Amino acid sequence: MNNVIIYCEQNESGKIADVSLELLSKGRKIASQLGSKLEAVLLGHGLATAIEQLSWFGVDTVHAADDRRLFPYRTLPHATLITELFRRETPEIAIFGATSVGRDLAPRVASALRCGLTADCTSLEIGNHRIEKQGITYENLLYQIRPAFGGNIIATIVNPETRPQMATVREGVMKLEPAEKSNTPVLKTVPLDTLSPLDELVQIIDRQMEAPKVNLKGSQIIVAGGYGMGNKANFDQLFHLATLLGGEVGATRAAVDAGFCGHERQIGQTGLTVRPKLYIACGISGSVQHRAGMDQSAKIISINTDAGVPLNAIADYAIQGDIMTVLPKLIAYYKKHSK
Amino acid sequence: MSLKIVVLAKQVPDTRNVGKDAMKEDGTVNRAALPAIFNPDDLNALEMALQVKEALPDAEILVITMGPPRAADIVRESLYRGADRGFLLTDAKFAGSDTLATSYALSKAVMRCQPDLIFCGVQAIDGDTAQVGPQIAEKLNFPQITYAEALIAVSSKKISLKRRLEHGVETVEAALPLLVTVHSSAPACRARNARRVMQFKHAHTPSELTGIARDYTQIYRQHPCLNIEEWNVQTIEADLAKLGLSGSPTKVKKVDNVVLVQKESKQMSDSDADVELMITELMENHIIG
């Protein structure tokens, strides 16, 4: 009752996905603030390692089901079990990773429970909500904060009446912070008797999973290009600088949409969130969505022909100039001064 | 019985091209200045439906769009590219709907068509929620396949599709009926067909006809597909309490215009001296090594 529940994804290696661990870290704080308990739900197969991991995140209760039908993830069995679990446990807040799993599952569950759900939150807070007209104050609601309408506004969404208050959050948005001490959560088995043959209507024939080729999240230096790079040939030049600096190349959504590079390099609200030591933004104007994915970088360089772009406001160095002029100079002077 | 396919398509403001003129002086968005476009993922969805029709020529493709009267453009555009018929779901009572209320309205509209297959884009660029597809599937009690990237095989009984996930691809097979959300990496939609444009430029909604002098009664009798029916709350027999603001569990508490806090940033030129100065500073601070 009234608890915070985090849906935990099991990945290919049997572990809990990073995004779920990040949400547990955030969930722990929210639960403490509300004086409620943190619960995890884990549906998969071969869960020993995953359950072991949970002992480092201050989880009070784990609802788990270990069954061949539950891994790899498929919509129907998971949706059936989660919907049933939420009906039974009536959590106050339920958070899912905004992954191809969470974004497939959470809306289906929210629809079945007729609950409010906010996608891709960039921040979650607890606060009150007052409706002046009716003179009602709802206490301790989950503020679900996300950019909206092309990133020109930041909306704070609340679900005053429906429970659980549901939200999805992208990987990297919350910080992964294991607890200082381990604990042993109470383990509750999720009964599988609600599964029916109808939950088997979609079958996985084949899976080709690959380790991510681009490690943007782990990169200390990121050279990112925007639509202002002009074309793919110019964009490709960024790889020289990134390789030289021992970093990676990132991109804005506009650059990805324009075909300058693949989606796996996209940084921002609908891509990755990164916190490198140095972020070199090349031809990036800096929409809210993009900034949501990089504004916690330690140092930011913005290179743009337009000195008035929004990104320059958060940049440590704002260079006014054409990237194709500046790029060779960056490379030359780095080479000159590095030993 | 021939296969019936519904494609759900949305008209969206082109938020990817928010130029300077799209902002009002007070810093808010001037929605009127943004061009209205066919939601990109929904075009991929239409293409996948057309591919199914190529495999099963008896199949019929119905397009449903929900929006203001001008969203009839989306239906016409779909007809130009190969859809068979289209419907416009339009009613002021839908205003303020969140994804749950929207999916309820669309599911009621879809029910009128009794489809075997529903295709829609993964998400619309004005909200990026990716919630409406799965929520419609749940309301219709249809299984769902999200993030579809390619059609592999289809028959009147089942379909197999490739899904695009973060770290790989998955091939799935499902019995019909089914709802499919189509990813932006799926094949791009074919272009308009010139003959179809000539034919379907005469497709109109009843509201559009009120401004046209020509009498379409006879033409519609001969070519019913030119009649873009307008559906409202009564047509789809929807429960008002589940629509609009009252039917939306999520409430917007507040909206902040984005205000940037100016950092102490160093403004530099692209001169050699400036670039060299910056590089040396970064190296002295061990930001780069």
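Throughout, residues of each chain are indexed from 1 in the direction in which the sequence is written. All chains are assigned letters beginning with A, and all ligands numbers beginning with 1, in the order in which they are written. Owing to the predicted nature of the model, reporting of local features is limited to residues with pLDDT of at least 70; listing and counting of side-chain atom pairs is limited to 80 or more, with chain, interface and lining totals taken over all residues. Each side-chain value is worked out from all heavy atoms of the structure, with water and hydrogens disregarded.

### Re the overall build of chain A
Under the DSSP-based scheme used, a helix requires at least four consecutive residues in state H or I and a strand at least two consecutive residues in state E, with every element numbered from the N terminus. Each helix and strand counted, chain A has 9 helices and 16 strands in total. Each radius of gyration reported is based on C-alpha atoms, and the globular scaling rule is 2.2 Å times the count of residues to the power 0.38. Relative to the 2.2 N^0.38 estimate, which gives 20 Å for 339 residues, the radius of gyration of chain A is 22 Å and therefore close to what a compact globule would have. Here the C-alpha coordinates of chain A stretch approximately 65 × 55 × 40 Å along the principal axes. Burial analysis of chain A (339 residues in total) assigns 60% to the buried set. The cut-offs for exposure are 20% and 50% of the maximum accessible area for each residue type, with area from a 1.4 Å probe on protein chains only; residues under the lower value are buried, those over the upper are exposed, and the others partly exposed.

### Things to note about the domain arrangement of chain A
All names here are of chain A. A domain assignment, automatic or from a database, supplies the domain bounds used here. Domain boundaries assigned for chain A yield domain 1 (4-200) and domain 2 (221-337). The centre of domain 1, based on its C-alpha atoms, is set 33 Å off from the matching centre of domain 2. Counting residues at the interface gives 13 residues for domain 1 and 8 residues for domain 2. Only one rule defines a salt bridge in this text: a Lys or Arg side-chain nitrogen within 4 Å of an Asp or Glu carboxyl oxygen. If you look at where domain 1 meets domain 2, you find 0 salt bridges. Residues count as neighbours in contact if any of their non-hydrogen atoms are within 4.5 Å of one another.

### Concerning the sheet that holds strand β7 (residues 136-148) of chain A
A pair of strands is considered paired only if DSSP assigns at least 2 bridges between the two. Read across the sheet, 4 strands follow the order β6(A)-β7(A)-β8(A)-β12(B) without closing on themselves; strand pairing throughout is antiparallel. In this open sheet, the two edge strands, each paired with only one partner strand, are β6 (123-131) of chain A together with β12 (251-257) of chain B. Direction aside, the axes of adjacent strands within the sheet are offset by 35 degrees on average. Bridge count between β7 of chain A and strand β8 (residues 153-158) of chain A: 5 bridges; the pairing is antiparallel. Looking at the pairing, Arg146 of chain A lines up with Ala155 of chain A of β8 of chain A. Docked against the sheet, helix α1 (residues 18-34) of chain A engages β6 and β7 of chain A, running at close to 35 degrees with respect to β6 of chain A. To get an axis, a line is fitted to the C-alpha atoms, and for a helix only the part in contact is used. The angle between two axes follows their N-to-C directions and goes from 0 to 180 degrees.

### What about the environment of Cys225 of chain B?
Residue and element names in this part refer to chain B. Relative to the helices and strands, Cys225 resides in the loop between α7 (217-222) and β11 (229-231). Residues Cys225 and Arg163, spaced 62 residues apart in sequence, show a C-alpha to C-alpha distance of 33 Å. Contact partners of Cys225, with chain neighbours within four places excluded, come to Asp84, Arg85 and Phe200.

### What to know about the nonpolar core
Where a protein is soluble and globular, its nonpolar side chains tend to be buried together. Counting 49 residues, the largest nonpolar core has Ile5, Leu117, Phe119, Ile159, Leu161 and Leu178 of chain B as the members making the most contacts within it. Considering every element that reaches this core, the biggest residue donor is helix α1 (residues 40-55) of chain B, with 7 residues. Nonpolar core, defined: a set of buried Ala, Val, Leu, Ile, Met, Phe, Trp, Tyr and Cys residues in which side-chain atoms within 4.5 Å join the residues together. Formed by 36 residues, the second largest nonpolar core is a distinct cluster that contains Ala251, Leu278 and Tyr334 of chain A together with Ile288 of chain B.

### Considering the environment of Leu46 of chain B
All names here are of chain B. Along the polypeptide, Leu46 turns up in helix α1. A sequence separation of 208 residues divides Leu46 from Lys254, and the C-alpha atoms of the two residues are 36 Å apart. Beyond its immediate stretch of four places on either side in the chain, Leu46 contacts Val7, Phe38, Ser78, Arg81, Ala83 and Cys189.

### Some words on the interface of chain A and chain B
Facing the 80 residues of chain A at the interface are 79 residues of chain B. Buried area between chain A and chain B, both sides added, is near 6900 Å², and the carbon and sulfur share of it is 56%. We define buried area as the total accessible area lost by two parts upon association, computed with a 1.4 Å probe and summed across both. In terms of surface lost to chain B, no three residues of chain A exceed Arg108, Phe149 and Tyr317 of chain A, which account for 11% of the buried area on that side. Between chain A and chain B we count 4 salt bridges in total. Put simply, Lys329 of chain A and Asp272 of chain B hold a salt bridge, and the shortest N to O gap is 3.3 Å. Identification of polar contacts relies on pairs of N or O atoms within 3.5 Å, with a donor-acceptor requirement for protein atoms, meaning one able to donate a hydrogen and the other able to accept it, and with residues adjacent in sequence counted only if both atoms are side-chain atoms. The interface formed by chain A and chain B contains 38 residue pairs in polar contact (both at pLDDT 80 or more). Pairing analysis gives 6 bridges linking β8 of chain A to β12 of chain B, with the strands arranged antiparallel. Within β12 of chain B, the residue paired with Ala155 of chain A across the bridge is Val255 of chain B.

### Focus on the packing of helix α4 (residues 102-113) of chain A against helix α4 (residues 132-140) of chain B
The N-to-C vectors of α4 of chain A and α4 of chain B enclose an angle of 45 degrees; their axes lie 8 Å apart at closest approach. By the criterion of interaxial angle, the relationship of α4 of chain A to α4 of chain B is oblique. Between α4 of chain A and α4 of chain B lies a crossing whose hand is right-handed. Contacts between α4 of chain A and α4 of chain B pair Arg103, Asp104, Pro107, Arg108, Ala110, Ser111 and Ala112 of chain A from the former with Pro134, Gln135, Ala137, Glu138 and Lys139 of chain B from the latter. Gly falls in the polar group here, along with every residue not listed as nonpolar (Ala, Val, Leu, Ile, Met, Phe, Trp, Tyr, Cys, Pro) or charged (Asp, Glu, Lys, Arg). For the contact of α4 of chain A with α4 of chain B, the class distribution of residues is 5 nonpolar, 2 polar and 5 charged. Roughly parallel refers to an angle under 35 degrees, roughly antiparallel to one over 145, roughly perpendicular to one between 65 and 115, and oblique to any angle outside these ranges. In this scheme, a crossing is called left-handed if the near helix is turned counterclockwise away from the far one by less than a right angle; it is called right-handed if the turn is clockwise.

### Examining helix α8 (residues 272-284) of chain B
Multiplying 1.5 Å by the helix residue count minus one yields the expected span of that helix. Compared with the 18 Å implied by 1.5 Å per residue over 13 residues, the 18 Å span of α8 of chain B between its first and last C-alpha is a close match. For α8 of chain B, the complete set of buried residues consists of Val275, Glu276, Met278, Ile279, Thr280, Glu281, Leu282 and Met283 of chain B. Tucked inside the fold, the buried residues of α8 of chain B contact β14 (278-282), β15 (299-304), β16 (317-320) and α9 (323-337) of chain A together with β13 (266-269) of chain B. With its phi angle positive at about 60 degrees, His286 of chain B sits one or two positions after the end of α8 of chain B.

### Regarding the confidence of the model for chain B
Every residue is assigned a pLDDT by the predictor, reflecting its confidence on a scale from 0 to 100. When the pLDDT values of chain B are averaged, the result is 91; 92% of them are 70 or greater. Across the interface, the model reports ipTM at 0.90; the global pTM reads 0.85.

### A closer look at the side chain of Glu276 of chain B
Note that Glu276 of chain B resides in helix α8. Of note is the side chain of Glu276 of chain B, whose polar atom sits 2.7 Å from the side chain of Lys336 of chain A. Not counting chain neighbours up to four residues away, the residues in contact with Glu276 of chain B comprise Tyr333, Lys336 and His337 of chain A.

### Here's the deal with the sheet that holds strand β1 (residues 4-9) of chain B
With respect to topology, 10 strands assemble into an open sheet ordered β11(A)-β9(B)-β8(B)-β7(B)-β10(B)-β6(B)-β1(B)-β4(B)-β5(B)-β11(B), the strand pairing being mixed. Since the sheet does not close on itself, it has two edges, and those belong to β11 (202-209) of chain A together with β11 of chain B, each with one partner. Averaged over all adjacent pairs, the angle separating strand axes in this sheet is 30 degrees, with direction ignored. Examined bridge by bridge, strand β7 (residues 144-154) of chain B and strand β10 (residues 178-182) of chain B share 3 bridges and lie parallel to one another. Paired with Gln144 of chain B across the two strands is Leu179 of chain B, which belongs to β10 of chain B. Across the face of the sheet, helix α2 (residues 72-81) of chain B comes into contact with β1, β4 (60-66) and β5 (85-89) of chain B while running at roughly 170 degrees to β5 of chain B.

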